[in-house]
Every structure is written in structure tokens, then in C-alpha cells.
Amino acid sequence: MIILVFIAAILPAAVMLNYIYKADKAKPEPTMQLVKAVFFGYLAIDTLLLIYKLLPFDYFSSGAASETPTTLIGCIVKAFVEAAIPEEAVKLLMLWWFVKESKYFDEHVDGIVYAVCIGMGFAATENLYYLLAYNADWVSVAISRAFLAIPGHFCFAVLMGYYFSEIYFGRAKTLWEKSKVLVYPILAHGIYDTIAFASALTPWLSIVLSCILLFFCSKLYDYCKKLIEKQLRNDRPYS
């Protein structure tokens, strides 16, 4: 069973990694660099767990991951304060640390590629924690997260990687343009989690909000595909 849980945890992230790897076909990054970036995503989880231990909540402690707020305000606070802000901040720290040590960051799309690798390393590790925590219900949780949470983390990473490259290559000039590297992933992540948490408030809201969440994810994914294509076009003069 452990092997099945492990496969279910990492397979969706592997699919997303394969997608971004194939997108960067003109000048693909060295395989070991991609593996290293995925490992940085794992390090992001370890860093986050350390932060949670120092805060008045522990997101992965027994039962905590399954607790849901009872009010809309509670959903918003949990979504942004406990999840979106610390998670995206740590992933950005890892992306900055990784690029600082890399000599291969030479294309606009590289920001997205490496951010996705870090994001998928993070998401796969988080997924494994969730599936192990839910024990007997791991199959239904794995299916749900494969179609929503993992693609969600993919999109948050694309947003971060896109705006990271905008800063790195000097295209982002103002403070607001530079702040998008963190603000946009946090907003996308926070909105996603708020809708997900709120869907559990009342049974009659569950179906409606689930549809809204699917619509939001679909639009976010389409937007991120356009960002990937835009950076690939920006790199054509260098190919």
C-alpha cells in the first residue's frame, strides 16, 4: 500500500514536470539542474514545517490538515495566513537561492521551468503528507488533489516564475511590477484555498463552490499557458 500511496503522490507532479520540460524544447535545461530544483521544492517543505513549529499552528499535525473553518472570514484567514503567504514566500526564497547558485538561468522561460520544478517538488511532498494523513481515504483524496491541488501548485509556480524572470532580465521596472512575483501567486493560492475551504461550510454550498473552483482553475490554467507561450516567444531571439 505504501508504494501505491507514494506513486499516487508523485505521479501528478511528474506529469506537470514533463509538460513544462517539453515546452522548453528549444534550449532545455540540464537534467541534473531540474532534479536539483525539485529537491529545493522538498527543502521548501522542510523549511515551512520549521516555520509552522514556531507559529501557533502546525498545518501537518494530527488532524490539523482536515480541520476546516466554520465562517467565511475563517476560510480567508486560513487560506492566506496559514497556507498561501508562507508557502509562496518559502517557494520564492528557494527559487532565489537556486538561481543564485545556477549558471544556466539564461532564458526568460527558465524562470517558469525552475519555479515549476520547485513547485512540483513542494507539491509532491505535501501530497505524500496528505495521503498518509488520510490513511483509509487516501484514494479519494489522491484523485481530488491530482485534478485540483497539483495543477493549482503548477499555476502558482508559473505565475512566480514568469514574474521572477521579468525581474531577473530587467523587464520589471517599478516596485509594483516587481512585487507581482509574490503578490500574484499568493492571490491565486489564497483564492483557490478560500473557495475550497468555504465549500465545506454548508452542504448546499458545496456543489456551487466546487463548480466555481473548477472554473477558477480552468481560467487560471489557460492564463498560465499564455504566460509560458509569451516567455517562449521572448526567448526566440536567443535560440
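Predicted, not measured: the structure shown is a model, and the values here were computed from it.

Draft legend 1. Up close: the packing of aromatic side chains. This model, assessed by the stated rule, comprises 18 aromatic pairs. Centre to centre, the rings of Tyr-19 and Tyr-221 are 6.5 Å apart; their planes meet at 45°, and the pair counts as tilted. Here Tyr-221 lies in helix H8 (residues 203-234) and Tyr-19 lies in helix H1 (residues 2-23), a separation of 202 residues in the sequence. For Tyr-19, a relative accessible area of 29% corresponds to the partly exposed category. When the centroid spacing of 4.8 Å and the interplanar angle of 85° are considered together, the rings of Tyr-162 and Tyr-163 count as edge-to-face. As far as burial versus exposure is concerned, Tyr-162 and Tyr-163 are alike and both buried. Clustering of aromatic rings is evident, with ring pairs tying together Phe-40, Trp-97, Phe-98, Phe-105, Tyr-114, Phe-164, Tyr-168 and Phe-169. A cation over a ring is seen here: Lys-91 above Phe-122, with NZ or CZ 4.9 Å from the ring centre. For Arg-145, the ring lying beneath its charged end belongs to Tyr-130, and the centroid distance is 4.2 Å.

Draft legend 2. How the structure looks around the environment of Lys-100. Position of Lys-100 relative to the elements: it lies in helix H3 (residues 72-100). You can call Lys-100 exposed: its relative accessible area is 55%. A C-alpha to C-alpha distance of 20 Å links Lys-100 and Asp-46, two positions 54 residues apart in sequence.

Draft legend 3. Helix H4 (residues 108-134), seen in detail. Taking 1.5 Å of rise per residue, the 27 residues of H4 would be expected to cover 39 Å, and the 39 Å separating its terminal C-alpha atoms lies within 8% of that figure. For H4, the tally of buried residues reaches 22 of 27 residues, placing the bulk of the element in the interior. Of the residues one or two after H4, Asn-135 is the one with positive phi, at around 50°.

Draft legend 4. Inspection of a nonpolar patch on the surface at higher detail. A contiguous nonpolar patch, built from Ile-3, Leu-4, Phe-6, Ile-7, Ile-10, Leu-11 and Val-15 and spanning about 660 Å² of accessible area, is present on the exposed surface. In this structure, Leu-4 sits in helix H1.

Draft legend 5. How the structure looks around the side chain of Arg-145. Among the structural elements, Arg-145 can be located in helix H5 (residues 138-147). A relative accessible area of 11% means that Arg-145 is categorised as buried. In contact with Arg-145, other than residues within four places in its own chain, are Glu-126, Asn-127, Tyr-130, Ile-150 and Pro-151.

Draft legend 6. Broad picture of the pattern of salt bridges. With the rule as written, the count across this model stands at six salt bridges. In this structure, Lys-27 and Asp-106 form a salt bridge, with 2.6 Å as the shortest nitrogen-oxygen distance. Linking Lys-27 in the loop between H1 and helix H2 (31-54) with Asp-106 in the loop between H3 and H4, this pair joins segments that are 79 residues apart in sequence. Overall, Lys-27 belongs to the partly exposed group, its relative accessible area being 37%. Here Asp-106 falls in the partly exposed class, since its relative accessible area comes to 33%. Ionic pairing is found between Glu-82 and Lys-78, a salt bridge with its closest N-O pair at 3.4 Å. Taken together, the positions of Glu-82 and Lys-78, both in helix H3 and four residues apart, correspond to about one turn of that helix. Accessibility assignment for this pair places Glu-82 and Lys-78 in one class, buried.

Draft legend 7. Summary view of the packing of H4 against helix H6 (residues 149-168). The contact between H4 and H6 brings their axes to 7 Å, and the two run at 150°. Taken together, the axes of H4 and H6 are roughly antiparallel relative to one another. When you trace H4 past H6, the crossing you get is right-handed. Residues His-108, Gly-111, Ile-112, Ala-115, Val-116, Gly-119, Met-120, Phe-122, Ala-123, Glu-126 and Asn-127 of H4 pack against Ile-150, His-153, Phe-154, Ala-157, Val-158, Gly-161, Tyr-162 and Ser-165 of H6. The class makeup of the residues in the contact of H4 with H6 is eleven nonpolar, seven polar and one charged.

Draft legend 8. Region of the structure containing the confidence of the model for the chain. In this model, the chain carries a mean pLDDT of 91, and residues with pLDDT of at least 70 account for 93%. Overall, residues 60-66 carries pLDDT values under 50, and its contacts beyond four positions in sequence, including any with other chains, amount to eleven contacts.

Conventions and cut-offs
Residues numbered from 1 in each chain as written. Predicted model: local features only at pLDDT ≥ 70, side-chain atom pairs only at ≥ 80, totals over all residues. Heavy atoms only, no water. Phe/Tyr/Trp six-rings, centres within 6.5 Å; stacked < 30°, edge-to-face > 60°. Helix = DSSP H or I, 4+ residues; strand = E, 2+ residues; numbered from the N terminus. Buried < 20%, exposed > 50% of the residue type's maximum accessible area, 1.4 Å probe, protein only. Lys NZ or Arg CZ within 6 Å of the ring centre and 35° of its normal. Expected span 1.5 Å × (residues − 1). Patch = residues over 30% accessible without salt bridge, like charges linked within 9 Å, V, L, I, M, F, W, Y side chains within 5 Å. Areas by Shrake-Rupley, 256 points an atom, 1.4 Å probe, with all protein chains shown as cover. Salt bridge = Lys/Arg side-chain N within 4 Å of Asp/Glu carboxyl O. Contact = heavy atoms within 4.5 Å. Axes fitted to C-alpha atoms, helices over the stretch in contact; angles between N-to-C directions. Parallel < 35°, antiparallel > 145°, perpendicular 65-115°, else oblique. Left-handed = near helix turned anticlockwise from the far one by under 90°. Nonpolar A, V, L, I, M, F, W, Y, C, P; charged D, E, K, R; others polar. pLDDT = per-residue confidence, 0-100.

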